[in-house]
Amino acid sequence: VPTAEAKLGIHFHKWEVKYAYKSPDCFKKLAITINGDSPGPTIYAAQGDRVVVTLTNTLPTENVAVHWHGIRQIGTPWSDGTEGVTQCPIMPGDSFTYEFVVDRAGTYLYHAHYGLQLSAGLYGFIIVSVPLHGVPEPFVYDKDRSIILKDWYHATTYEQSTSLSSIPFGWVGEPQSLLINGRGRFNCSLLNAPSSDHSEICEAKIPECSPYSLTVVHGETYRLRIGSLTSLSALSFQIEGHNMTVVEADGNYVEPFQTKNLYINSGETYSVLVTADQDPSRNYWITTNVVSREPSTPTGLAIFNYYPNHPHKYPPTAPTTGPLWNDTASQLAQSRAIRAHHDFVQPPPPRSDRVIVLLNTQNLIDGYNRWSLNNRSLTLPHTPYLIALKQNFTDAFDQNPPSYDIANYDISKVPDNVNATSSNAVYRISFNTTVDIILQNANTMTPGSSETHPWHMHGHDFWVLGYGSNKFDMVKDPATYNLVDPILKNTVALYPYGWTALRFRTDNPGVWIFHCHIEPHFFMGMGIVFEAGVEMVGTLPTSIMGCGETKRLINP
Ligand SMILES: O=C1O[C@H]([C@@H](O)CO)C(O)=C1O
């Protein structure tokens, strides 16, 4: 029975964020949970509803902040949940209320946006339905189901963040397992503990790590919402013997297209339609595996269970895996195949007012391994930009980083690191203008290597105008842009040695971050902060300022 508040379109949630021992892949480790769960509870709402989450931080010695990924926060930029950008972190023992409107139906996510807390397991779904009398969705299905994908590490966030910010540098490496709806399987016999009995820390037979099972009825069509909140891995997702028809991406309807393998990067969501039209006398494998980086993680497994077979009966076949990890061409082909649905095309403005080219490089800065944009590696200040810029503390940050000419940069070479510096610069962009961002990939510090980066923008969707596989040509490449039916997204892939071109309108007053969604890359500086229309932002809630009781000094 819906509560009175839910009938009014307000959804209250009380979250206690705390550590708990979890064994999602059979290996016992500390995870950050919401009310004891990782992944956390799904937030359900209808378009236009208000979501109010009161979060109490019960982590003994750690701050926290939660980002509502894909929710634009129109009029509430202070609820975006990005520590250092839109709020002070929530300190242990403190409570903080996030309040925002979900203005558009679709599939969204939430996750920690502080340090490496996403990798500790603070993540979940936000599912927004079409309102009762709203425009119907351009597809039909019998049932709505959701699957959240995660890569899982056994090292703690403290170990990972210390390694990443030490000399010598210690990379987090590939994950130990892949989780489907919070369940995976680590091979306990790989542990070389002194005793042969691992049952205390790794127990293959506990129900907590038995594969997730999705029960279907023969003949029915399922809308499967698939979201990825991996720390690192780009994934391929497949259902043995079944085709998937992609119909939604990041909350936007797409022209339907069929695939057997869905590529999904961290921060992306897709809806696919799957019809249970195969031999119903058996179950099938749902699998996910690492692409873009050479995998060393076992395939993630779940069961596509035809009723009335037992939900945990293993399929009779060996699990199928996706395409080769380094088949970038097929990933690029999927990216290019995604177009706006023909009834929902919102064409972009034909030209932009400003072009920002961002060269993506890995650098050595003062001996530390970092990632940079135009040779500047973001170091988040602990005075949140939104507060500082709204209050005109303009001396707090560098303003308007200089533009960068990539014409003479050789993207196939290891960077020379000469001009690479740490920076807290903020791009100040005129309100209500059209901006193009050209993401240009390049070689890392390892010869012959360039990596895939999923770029995510807060506060806005952007049109994806095009992709290229080499250095961007300012004259020729803009002529190839899709200005007819480009997809709107909030997260998009930048492929090795290639470029991706985006266009967006600065129509949401605030201060926002645009960053690589690989958590350790963001931690290593891979992002920019931009401001547009901050003077139009309403009075900032004092809850985002100060910390603990010192808030009284701000608002006596
Ligand atoms: O940031 C990274 O560091 C390593 C490697 O480049 C250096 O060890 C890697 O694969 C990353 O993505």
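In every chain, residue numbers begin from 1 and rise along the written sequence. Only residues with pLDDT of at least 70 are given local features in this predicted model, and only at 80 or more are side-chain atom pairs given and counted; all residues enter the totals for whole chains, interfaces and linings.

In the nomenclature of an unreviewed UniProt entry, the protein is known as L-ascorbate oxidase of Carpinus fangiana. On record in UniProt, under Catalytic activity (unreviewed entry), the comment for the protein is "4 L-ascorbate + O2 = 4 monodehydro-L-ascorbate radical + 2 H2O". UniProt positions are given in the numbering used here, feature names are shortened, and annotations may be inferred rather than shown by experiment. According to the UniProt record, the Subunit (unreviewed entry) comment for the protein reads "Dimer."

Draft legend 1. Fine view of the overall build of the protein. Scanning the protein from N- to C-terminus turns up 6 helices and 32 strands. Compactness check: the protein gives a C-alpha radius of gyration of 23 Å against a globular reference of 24 Å for 556 residues, within 12% of the reference. Seen along its three principal axes, the alpha-carbon backbone of the protein occupies a region of about 65 × 60 × 60 Å. The burial criterion counts other C-beta atoms lying within 10 Å of a residue's C-beta, which is placed from the backbone; the residue is buried at 20 or more, exposed at 12 or fewer, and partly exposed between these limits. Across the 556 residues in the protein, those meeting the buried criterion constitute 49%. In the protein, of all internal contacts separated by at least 6 residues, the share reaching a separation of at least 24 is 79%. For helices the rule is a DSSP run of H or I covering at least 4 residues; for strands it is a run of E covering at least 2, with both sets numbered from the N terminus onward. Note that the radius of gyration is over C-alpha atoms, with the globule rule given as 2.2 Å times the number of residues to the power 0.38. Contact definition: two residues whose C-beta atoms, as placed from backbone geometry, lie within 7 Å.

Draft legend 2. A look at the UniProt feature "domain: Plastocyanin-like" (unreviewed entry) in the protein. Feature annotation in UniProt places "domain: Plastocyanin-like" (unreviewed entry) on residues 17-129, 145-308 and 412-531, given in this structure's numbering. For residues 17-129, the helix share is 0%, the strand share is 43%, and the end-to-end C-alpha distance is 26 Å. Regarding residues 412-531, the helix share stands at 4% and the strand share at 42%, and the terminal C-alpha atoms are separated by 32 Å.

Draft legend 3. Representation of the pairing of strand β9 (residues 143-152). Relative to strand β12 (residues 221-228), β9 is paired through 7 bridges, and the arrangement is parallel. Among the inter-strand pairings, L149 is bridged to a residue of β12, identified as S228. Bridge count between β9 and strand β10 (residues 177-180): 4 bridges; the pairing is antiparallel. Residue L149 lies in a different strand from β10, and its bridge partner there is I180. Here, any two strands with at least 2 DSSP bridges between them count as paired.

Draft legend 4. Representation of the sheet that holds strand β6 (residues 95-101) within the structure. A sheet is described by the order of its strands in space; here 4 strands give the open sequence β2-β1-β4-β6, paired in mixed fashion. Edge positions in the sheet fall to β2 (29-34) and β6, since each has one partner strand and no second. Taking each pair of neighbouring strands and ignoring which way they run, the sheet shows an average axis angle of 20°. Bridge count for strand β1 (residues 10-22) against strand β4 (residues 50-57) is 8 bridges, and the pairing is parallel. Residue E16 lies in a different strand from β4, and its bridge partner there is T56. Between N-to-C directions, angles cover 0 to 180 degrees, with each direction set by a line fitted to C-alpha atoms, over the stretch in contact for helices.

Draft legend 5. Looking closely at the domain arrangement of the protein. Segmentation into domains, and thus their bounds, comes from an automatic or database assignment. For the protein, the domain assignment lists domain 1 (1-136), domain 2 (137-344) and domain 3 (354-536). Taken together, the contact pairs 16 residues of domain 1 with 19 residues of domain 3. By residue class, the composition of the side of domain 1 that touches domain 3 is 7 nonpolar, 7 polar and 2 charged. Each residue is assigned to one class: nonpolar for Ala, Val, Leu, Ile, Met, Phe, Trp, Tyr, Cys and Pro, charged for Asp, Glu, Lys and Arg, and polar for all the others, Gly among them.

Draft legend 6. A look at the sheet that holds strand β24 (residues 426-428). Spatially, β24-β32-β31-β26-β29 is the arrangement adopted by the 5 strands of the open sheet, whose pairing is mixed. Only two strands of the sheet have a single partner each, and these edge strands are β24 and β29 (491-494). For this sheet, the mean angle separating the axes of adjacent strands, direction not counted, is 25°. The pairing of strand β26 (residues 453-457) with β29 spans 4 bridges and is classified as antiparallel. Across the sheet, the residue bridging to H453 is L494, located in β29.

Draft legend 7. Fine view of the environment of T421. Relative to the elements of secondary structure, T421 occurs in strand β23 (residues 421-423). For the pair formed by T421 and S377, sequence separation is 44 residues and the distance between their alpha carbons is 6.2 Å.

Draft legend 8. Representation of the environment of I43 in the model. With respect to the helices and strands, the residue I43 is situated in strand β3 (residues 43-46). Of the residues examined, I43 has 21 C-beta atoms within 10 Å and is grouped as buried. Taking C-alpha positions, I43 is 6.2 Å from I127, a pair spaced 84 residues apart along the chain. Not counting residues up to four positions away in its chain, the partners in contact with I43 are H11, H13, V51 and I126.

Draft legend 9. Summary view of the nonpolar core. Joining buried Ala, Val, Leu, Ile, Met, Phe, Trp, Tyr and Cys residues through C-beta atoms within 7 Å gives a set, and that set is a nonpolar core. Formed by 138 residues in total, the largest nonpolar core has its most connected members in I126, I226, L262, V272, L358 and L502. Every residue in contact with L502, bar those within four places of it in the chain, is listed here: D436, I437, F462, W463, V464, L465 and V492. Residues F27, F186, C202 and C209 belong to the second largest nonpolar core, which totals 5 residues.

Draft legend 10. Main features of helix α2 (residues 157-164). Of the residues making up α2, those classed as buried are T157, Q160 and L164. Down the axis of α2, the buried side of the element spans an arc of 70°, and every buried residue falls inside it. Along its buried surface, α2 packs onto α5 (519-523). What the arc measures is the spread of directions leading from the helix axis to the C-beta atoms.

Draft legend 11. Focus on unusual backbone geometry. Look at the link from I167 to P168: it is a cis peptide, with omega at 0°. Note that P168 resides in the loop between α2 and β10. Here the residue pair Y307 and P308 is connected by a cis peptide bond, since its omega of 5° sits within 30 degrees of zero. Mapped onto the fold, P308 is located in the loop between β19 (300-306) and α3 (328-337). Its identity as a non-glycine residue notwithstanding, N392 has a phi of 60°, on the positive side. On the secondary structure map, N392 appears in the loop between α4 (385-390) and β23. Residue class for N392 comes out exposed when judged on the 10 C-beta atoms lying within 10 Å of it. In this structure, Y497 takes a positive phi of about 60° despite not being glycine.

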